[in-house]
Structure formats: C-alpha cells, structure tokens
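# Descriptive structure summary
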Amino acid sequence: IQGVKLSLGVTHQRQGDLIITLRSPSGKTVTLLSAVAKNKSSRATLTWSGRAVSGFANLPANGTWTLTVRDAYRQHTGSVQSGSLEITTR
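Below: a short report on this structure.

## Here we look at the overall build of the chain
- Secondary structure summary: the chain contains zero helices and six strands in total.
- The order of helices and strands in the chain, counted from the N terminus, is β-β-β-β-β-β.
- By principal-axis analysis of the C-alpha atoms, the chain measures approximately 45 × 20 × 20 Å.
- The proportion of buried residues among the 90 residues of the chain is 31%.
- At a minimum sequence separation of 6, the contacts of the chain that also span at least 24 residues come to 78%.
- Counting only carbon and sulfur atoms, one obtains 45% of the accessible surface of the chain, whose full area is about 5400 Å².

This is the structure in structure tokens:
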C-alpha cells in the first residue's frame, strides 16, 4: 500500500460519542476518531471526503477491510450514510 483515502458520511445525535476505526486485511487497526464527548449538540453530521489515513504503508491491500463506527456511550442513535475507500499501490 502506498496510500489510503477514506470518504465517509455519518449522522449521529452526538458526534463526540463516536469511535471510528479502520482495520486492514493484515489485522492492522487505525483509530480515526476517538470519543471525546465534547460535541454535545443535537444531530451532527460527520463528513470526510478523501481523508488520508496513515498507518497502512507497505502492507498488503488485498482482502477484507473493516470500518467500525460505534457509539462509546450507547445512549444515542445514528447511521452511516455513505462510505468508500481508495487504496493506491505501487
């Protein structure tokens, strides 16, 4: 892998409650967002467009990639609206 870019759209009642991780086929996991509970606003939309994700350089690209979006406090609801992953190799 030379580079990884993630596009993601998530709607949630409290964006600060979210933990978002990406796991490669080799098992390497990178945390993209860690719950900070600072955003107490109602109904927030998180939008990433082609966000560069570091930590996967020189790993194999083929296989199953796993994106996990979870609420650290489990008190509110939300949904993943869209997502795509762009991987460039040498």
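## Here we look at the nonpolar core
- Counting 16 residues, the largest nonpolar core has Val 4, Leu 22, Leu 32, Trp 48, Val 53 and Phe 56 as the members making the most contacts within it.
- The set of elements that each furnish at least two residues to this core consists of β1 (3-12), β2 (18-23), β3 (29-33) and β4 (44-52).
- A per-element tally of this core places β1 first, with four residues.
- The residues contacting Trp 48, other than those within four sequence positions of it, are Leu 6, Ser 7, Leu 8, Ile 20, Leu 32 and Leu 33.

The rules behind these values
Residues numbered from 1 in each chain as written. Predicted model: local features only at pLDDT ≥ 70, side-chain atom pairs only at ≥ 80, totals over all residues. Heavy atoms only, no water. Helix = DSSP H or I, 4+ residues; strand = E, 2+ residues; numbered from the N terminus. Buried < 20%, exposed > 50% of the residue type's maximum accessible area, 1.4 Å probe, protein only. Contact = heavy atoms within 4.5 Å. Areas by Shrake-Rupley, 256 points an atom, 1.4 Å probe, with all protein chains shown as cover. Core = buried A, V, L, I, M, F, W, Y, C linked by side-chain atoms within 4.5 Å.

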